[in-house]
Amino acid sequence: MFFRKKVGIDLGTANTLVYVAGEGIVLNEPTVVAYSIEDFHYRQGKKILAIGDEAKEMLGRTPGSIIVSRPMKEGVIADYSTTSAMITYFLKKALKRSVFWPEVMISIPGGSSQVEKRAVVAACKQAGASNVYLIEEPLAAAIGAKVPISQASGHMIVNIGGGTTEIAVISLGQLVVYKTVRVAGTKFDEAIMQILRKKYNIIIGERTAEEIKMKIGNALIDEDKPLRKIEVKGRDFQSGLPKIFEIDEKMISEAITRPLKAILEGIKEVLSQTPPELAADIVDKGIVLSGGSSLLTNIDKFITYYTNVPAFVVDEPLFCVIRGVGMTIENLDSFKEAIR
Ligand code: ADP
Ligand code: MG
């Protein structure tokens, strides 16, 4: 029997998810690739050692001859050959042996350039896709959040991922105003590493910073609640020796203020460019937050507080975009207006 599988891909800067029509989400792994810089083959290029979960384990733990990289930077393909090798690997893994020139739908940032779109299409084709459909990420997020996008009514979606925050106002199935801010989860991690080094003389790695953020990160501290604290292992900047120390919520909250403000400015800018009727709809319905970084404690309250527009986080924000991509490829006819 010959039939083509329909596959959805959310190629994020932090995580890649794959959806197979009729099956659901079958793969969810970090967008990370480890390769050797010693065995460079003149035709095949870099020798890839690990992809996804396995490669993320290696982050910050490799000898000099191995590089662990994130081939997607700020929402676009930064390293083309590694990205297409990674897509090939993920498709094979997701489709097992039933892979036969699948039809692929993949999300791209709102306002991607022609060059960026072509790179994504080429990477999917190289990975074996017969047909490639593109969908703008904010639209996919809205569909995944079950927002009725085809109505003549304004909806605001803010998808806060790893490398980028996508802010969009949607009406009649199209993006009316949109902006991509190149600040999201990774910038929070970097800010945490920086403040610990500068103010407290402590050196920690990227992964530890992310863990701290997930455990005690807070966008808007409630003065009435006791501060959460955790113990962290790192290195003392002066002595150079390993050290265990305690940090609290307030230190982390202070660190992430700046990237949070950058996201807020983006939201305000999009709101200020939104036609008044649509802005009124948004005030009624609220701002929809999706993406992994919308799991940061109180980020909804932070946005509500500084914009005066209610904001709320969707269910399972890490899966919102891939669900939308999956629903769209399963119902191509009803989502025609959303496909690029
Ligand atoms: P992308 O689409 O760019 O791959 P995701 O939507 O998968 O990004 O979100 C990944 C980001 O979400 C990472 O920066 C990660 O640290 C962050 N994240 C995941 N869970 C949490 C949490 N509980 N609190 C704060 N940030 C989180
Ligand atoms: Mg994403």
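Just so we're clear, the structure is a prediction, and the values are computed from it rather than from any experiment.

Thresholds applied
- Residues numbered from 1 in each chain as written.
- Chains lettered and ligands numbered in written order.
- Predicted model: local features only at pLDDT ≥ 70, side-chain atom pairs only at ≥ 80, totals over all residues.
- Heavy atoms only, no water.
- Helix = DSSP H or I, 4+ residues; strand = E, 2+ residues; numbered from the N terminus.
- Rg over C-alpha atoms; globule rule 2.2 N^0.38 Å.
- Buried < 20%, exposed > 50% of the residue type's maximum accessible area, 1.4 Å probe, protein only.
- Phe/Tyr/Trp six-rings, centres within 6.5 Å; stacked < 30°, edge-to-face > 60°.
- Lys NZ or Arg CZ within 6 Å of the ring centre and 35° of its normal.
- Core = buried A, V, L, I, M, F, W, Y, C linked by side-chain atoms within 4.5 Å.
- Contact = heavy atoms within 4.5 Å.
- Pairing = 2+ DSSP bridges.
- Axes fitted to C-alpha atoms, helices over the stretch in contact; angles between N-to-C directions.
- Polar contact = N/O pair within 3.5 Å; in protein donor to acceptor, adjacent residues only side chain to side chain.
- Near = heavy atom within 4 Å.
- Areas by Shrake-Rupley, 256 points an atom, 1.4 Å probe, with all protein chains shown as cover.

Caption draft 1: Molecular detail of the overall build of the protein chain. Within the protein chain, the secondary structure is distributed over 11 helices and 18 strands. Taking 2.2 N^0.38 as the reference for a compact globule, 340 residues should give roughly 20 Å; the C-alpha atoms of the protein chain span a radius of gyration of 21 Å, in line with that estimate. Dimensions of the protein chain, computed from C-alpha atoms along their principal axes, come out at roughly 65 × 60 × 30 Å. Of all 340 residues assigned to the protein chain, the portion counted as buried reaches 51%.

Caption draft 2: View of the packing of aromatic side chains. Inspection of the entire model under this criterion finds three aromatic pairs. Here the aromatic rings of Tyr305 and Tyr306 are separated by 4.9 Å at their centres, their planes lie at 80 degrees, and the arrangement is edge-to-face. Following the ring pairs from residue to residue traces out a cluster consisting of Phe302, Tyr305 and Tyr306. Over the aromatic face of Tyr306 sits the side chain of Lys261, whose NZ or CZ is 6.0 Å from the ring centroid.

Caption draft 3: Geometry of the nonpolar core. Of all hydrophobic cores here, the largest spans 43 residues; its most connected members are Met156, Ile212, Ile247 and Ile287. If one sorts the elements of this core by residue count, helix H8 (residues 257-272) sits on top with six residues. Ignoring any residue separated from it by four or fewer positions in sequence, one finds Ile247 in contact with Leu196, Ile212, Ile216, Arg228, Lys229, Ile230, Val232 and Ile252.

Caption draft 4: View of the sheet that holds strand S16 (residues 242-248). Spatial ordering of the open sheet is given by S14-S15-S16, a layout of three strands whose pairing is antiparallel. The open sheet is flanked by strand S14 (202-203) and S16, the only strands paired with a single partner. The strands that helix H6 (residues 206-216) touches are strand S15 (229-236) and S16; relative to S15, the one it contacts most, it runs at about 165 degrees.

Caption draft 5: Seen up close, the side chain of Ser69. Structurally, Ser69 is set in strand S6 (residues 66-69). Judged by relative accessible area, which is 14%, Ser69 ranks as buried.

Caption draft 6: Quick peek at the environment of Glu29. For Glu29, the location among the structural elements is in strand S3 (residues 24-30). By relative accessible area, Glu29 is classed as buried at 5%. In sequence terms Glu29 and Thr304 are 275 residues apart; their C-alpha atoms lie 32 Å from each other. At 2.9 Å, the side chain of Glu29 and the backbone nitrogen of Asp53 are in polar contact.

Caption draft 7: Geometry of the site of ligand 1. Surveying the vicinity of ligand 1 reveals 18 residues, the closest of which are Thr13, Ala14, Asn15, Glu210 and Lys213. Between ligand 1 and Glu210, the relevant distance is 2.6 Å, taken from an oxygen atom to a side-chain nitrogen or oxygen of the residue. The separation between an oxygen atom of ligand 1 and a polar main-chain atom of Gly292 is 2.8 Å. For ligand 1, whose unbound accessible area comes to 570 Å², protein coverage reaches 90%.

Caption draft 8: Inspection of unusual backbone geometry at higher detail. Residue Asn201 is not a glycine yet carries a positive backbone phi of 55 degrees. Its location among the elements puts Asn201 in the loop between helix H5 (185-200) and S14. Residues other than glycine seldom take positive phi values, yet Asn298 does so here, at roughly 65 degrees. Positionally, Asn298 belongs in the loop between strand S17 (287-290) and helix H10 (299-307).

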